[in-house]
Amino acid sequence: MARRGTEGHVVVVGSNNFDMVVKADRLPKEGENVMATGLKFFPGGKGGNQAVAVRRLGAKATFIGCVGEDVFGEFLLRNLRASGIESRWVKRTKKVSTGCAFIPVLPSGQNAIVVDVGANLELTPRDVERARAAIERADALLTVLELKLETVEAALRLARKAAKHTVLDAGPPRRFSEELLMLADVVSPNETELEFISGESVSDRASAEAAAQKLLDRGAKTVVVKLGRDGAMLVSPRGAKHFPAFRVQAVDPTAAGDAFSAALTVELARGAAMEEAIRFANAAGALACTKLGAQPSMPTRREIDTLVGRNNC
Ligand code: RIB
């Protein structure tokens with residue numbers, strides 16, 4: 001672990017997608033065609049977003065992922081490098097296209113996402129093993145479920161063996177083994193993901209706590225639930241604690257969860273206490289909602305400090 005106050009180094013083993021964002025009045029019903037406007041392209045993918053957030057928060061970021069040998073892959077790789085992220089472990093494949101996400105944003109500020117994960121599924125445990133030295137040099141590893149589950153497991157296992165902090169962002173909703181739950185120091189789902197993994201319905205703080213408790217019963221050590229507009233909740237064998245959200249003018253929630261997970265991991269890597277790290281992550285997630293798009297909305301440390309400071313007055 002990095003000494004308290006040092007910059008910290010986070011390895012992200014994750015997905016990288018080309019995001020196509022439009023503004024729509026509502027989502028189409030099955031078989032329906034709705035018109036949209038304002039098509040914009042953004043670098044995205046949960047892992048890529050997290051790696052960019054890690055850098056903006058002043059920590060060193062190494063990204064391990066896979067993109068296609070196409071223009072989208074080229075664009076994403078160039079963007080990672082330009083963001084100051086160590087990208088030598090990003091694999092290129094000819095087999096499938098780069099991951100792409102289709103994201104309508106609604107007038108309410110809510111969104112919906114359909115992802116073709118494409119090349120992300122070509123990242124293998126062997127690719128992670130090749131980057132072992134980078135993981136061993138880091139302070140923490142953050143990973144997501146937009147990859148093959150065996151690759152996620154290999155990454156967590158390697159980092160655990162090297163005594164690094166391990167954080168599993170449990171998105172998108174997928175069923176996974178108890179093994180994965182046990183390999184992560186922190187499992188962080190949003191409400192929909194928590195519902196899916198626990199099999200319990202989640203509609204408020206009490207039901208979120210009960211569902212998170214199910215994950216603890218299955219072997220998770222600590223669960224940090226992202227509650228969107230209601231902030232976050234820490235659930236561990238020591239009990240549950242709610243952290244209120246920071247109030248912001250929400251424009252687009254895309255990647256708010258990624259900003260949260262990255263900020264949480266960076267702070268843990270830098271030696272912060274869990275509660276302090278969650279408060280910081282809450283501010284990161286809120287700020288990510290104030291701009292359109294995934295990676296352009298990842299906040300800086302200065303922006304977070306300002307928001308946290310304003311709320312302390
Ligand atoms: O978490 C937001 C991300 O989910 C988007 O950038 C999209 O690419 C999908 O992976």
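Everything below is about the structure shown above.
Keep in mind that what you see is a predicted model, and the values were worked out from it rather than measured.

Colleague: Go over the site of the ligand, please, and point to the residues and values.
Modeller: All residues in the neighbourhood of the ligand are listed as Asn17, Asp19, Gly44, Gly45, Lys46, Asn49, Ala101, Ile113, Glu146, Ala255, Asp258 and Ala294. Contact distances for the ligand include 3.0 Å between an oxygen atom and a side-chain N or O atom of Asn17. Taking Lys46, its side chain carries an N or O atom lying 2.9 Å from an oxygen atom of the ligand. Protein contact buries 96% of the 280 Å² of open area that the ligand shows by itself. Looking at the shell around the ligand, the elements with two or more residues in it are strand S2 (17-24) and helix H1 (46-56). Taken together, the residues of the shell around the ligand sort by class into four nonpolar, four polar and four charged.

Colleague: Hey, could you go over the nonpolar core for me, with residue numbers and the actual values?
Modeller: If you look at the biggest cluster of nonpolar residues, it comprises 50 residues, and the most contacted ones within it are Val10, Val54, Leu264, Ile278 and Ile304. Those residues in contact with Leu264 that sit more than four places away from it in its chain are Val186, Val224, Met274, Ala277, Ile278 and Ala281. Judged by nonpolar contacts, the second largest core, of 40 residues, contains Ile64, Val202, Leu215 and Val235.

Colleague: With reference to specific residues and values, describe the packing of helix H9 (residues 256-269) against helix H10 (residues 274-288).
Modeller: Remark: H9 packs on H10, axes separated minimally by 7 Å, with the N-to-C direction vectors making an angle of 150°. Put simply, H9 runs roughly antiparallel to H10. Read as a crossing pair, H9 and H10 show a hand that is right-handed. Taking contact as the criterion, the partners of Ala256, Ala259, Phe260, Ala263, Leu264, Glu267 and Leu268 in H9 are, on H10, Met274, Ala277, Ile278, Phe280, Ala281, Asn282, Ala284, Gly285 and Ala288. Residues of the contact of H9 with H10, tallied by class, amount to 13 nonpolar, two polar and one charged.

Colleague: Give a detailed account of the packing of helix H7 (residues 191-198) against helix H8 (residues 205-217), specifying residues and quantitative values.
Modeller: Put simply, H7 and H8 touch, their axes get as near as 9 Å, and they point 50° apart. Classified by the angle between their axes, H7 and H8 sit oblique to one another. For the pair H7 and H8, the sense of crossing is left-handed. Residues Leu194, Ile197 and Ser198 of H7 pack against Ala208, Ala211, Ala212, Lys214 and Leu215 of H8.

Colleague: Explain the pattern of salt bridges residue by residue, including any values.
Modeller: Throughout the structure, instances matching the rule amount to 20 salt bridges. Notably, a salt bridge pairs Arg88 with Glu86, separated by 3.3 Å at the nearest N-O pair. The class for Glu86 is partly exposed, based on a relative accessible area of 29%. One salt bridge in this structure joins Lys214 and Glu200, with 3.4 Å as the shortest N-O distance. With Lys214 in helix H8 and Glu200 in the loop between H7 and H8, the pair connects residues that are 14 residues apart, well separated along the chain. Connected through salt bridges with shared partners, the residues Lys91, Asp127 and Arg130 form a single ionic network.

Colleague: An account of the side chain of Ser297 is requested, with residue identities and associated values reported.
Modeller: You can see Ser297 is positioned in the loop between H10 and helix H11 (301-312). There is a polar contact of 2.9 Å between the side chain of Ser297 and the backbone oxygen of Gly293. Side-chain polar atoms of Ser297 contact the backbone oxygen of Ala294, separated by 2.8 Å. The residues touching Ser297, leaving out its near neighbours within four places in the chain, are Thr254, Leu287, Ala288 and Lys291.

Colleague: Outline the pairing of strand S5 (residues 86-93), supporting the account with residue identities and numerical values.
Modeller: When strand S4 (residues 60-68) meets S5, the two strands line up parallel, connected through six bridges. Bridging across to S5, Gly68 finds its partner in Thr93. In terms of handedness, the path from S4 via helix H2 (residues 71-82) over to S5 forms a crossover that is right-handed.

Colleague: Can you break down the pairing of strand S9 (residues 165-169) residue by residue, with the values?
Modeller: With five of its five residues buried, S9 lies for the most part within the structure. Side chains His165, Val167 and Asp169 of S9 all project onto a buried face; the interleaved residues Thr166 and Leu168 project onto the opposite face, where all are buried too. The pairing of strand S8 (residues 140-144) with S9 spans five bridges and is parallel. Counted as the bridge partner of Ala140 is His165 from S9. Direction of pairing for S9 relative to strand S10 (residues 186-188): parallel, over a ladder of three bridges. Of the residues in S10, the one forming a bridge with Asp169 is Ser188. Handedness of the crossover joining S9 and S10 through helix H6 (residues 178-183) is recorded here as right-handed.

Colleague: Requested: an account of unusual backbone geometry, with residues and values cited.
Modeller: The residue after Gly171, namely Pro172, is reached through a cis peptide bond having omega -5°. For Pro172, the location among the structural elements is in the loop between S9 and H6. Phi is positive for Ala255, which is not a glycine, with a value near 75°. Its location among the elements puts Ala255 in the loop between strand S13 (239-243) and H9.

Rules of the game
- Within any chain, residue numbers begin from 1 and follow the written order of that chain's sequence.
- Whole-chain, interface and lining totals are the exception, using all residues; otherwise, since this is a predicted model, local features are given only for residues with pLDDT of at least 70 and side-chain atom pairs are given and counted only at 80 or more.
- Where side-chain values are given, they derive from all heavy atoms of the structure, hydrogens and water being excluded.
- By convention in these notes, a residue is near a molecule or strand provided one of its non-hydrogen atoms lies within 4 Å of it.
- What qualifies as a polar contact is a pair of N or O atoms within 3.5 Å, subject to a donor-acceptor requirement within protein and to the restriction that residues adjacent in sequence count only when both atoms come from side chains.
- Areas reported here follow the Shrake-Rupley algorithm with a probe of radius 1.4 Å; residue values treat only the protein chains shown as occluding.
- Put simply, DSSP H or I for four residues or longer makes a helix, DSSP E for two residues or longer makes a strand, and each gets a number counted from the N terminus.
- Side-chain classes follow a simple rule in which Ala, Val, Leu, Ile, Met, Phe, Trp, Tyr, Cys and Pro form the nonpolar group, Asp, Glu, Lys and Arg form the charged group, and the remainder, Gly included, forms the polar group.
- Buried residues of nine kinds, namely Ala, Val, Leu, Ile, Met, Phe, Trp, Tyr and Cys, make up a nonpolar core once their side-chain atoms join them within 4.5 Å.
- For every residue, the accessible area (1.4 Å probe, protein chains only) is compared with the maximum for its type, and the residue is labelled buried under 20%, exposed over 50%, or partly exposed between those bounds.
- Any pair of residues with heavy atoms lying within 4.5 Å of one another is described as a contacting pair.
- Axes, fitted as lines to C-alpha atoms, cover a helix only where it is in contact. Angles between the N-to-C directions of the axes lie from 0 to 180 degrees.
- Each angle gets one of four labels, with under 35 degrees taken as roughly parallel, over 145 as roughly antiparallel, 65 to 115 as roughly perpendicular, and the rest as oblique.
- Definitions for this section: a left-handed crossing has its near helix turned counterclockwise from the far helix by less than a right angle. A right-handed crossing has that turn clockwise.
- Throughout this description, the term salt bridge denotes a Lys or Arg side-chain nitrogen within 4 Å of a carboxyl oxygen of Asp or Glu.
- A pair of strands is treated as paired once DSSP finds two or more bridges between them.
- By definition, the crossover connecting two strands over a helix is right-handed if that path, from the first strand to the second, turns clockwise as seen with the strands pointing away from the viewer.

No statement about biological role is implied by the geometric values presented.
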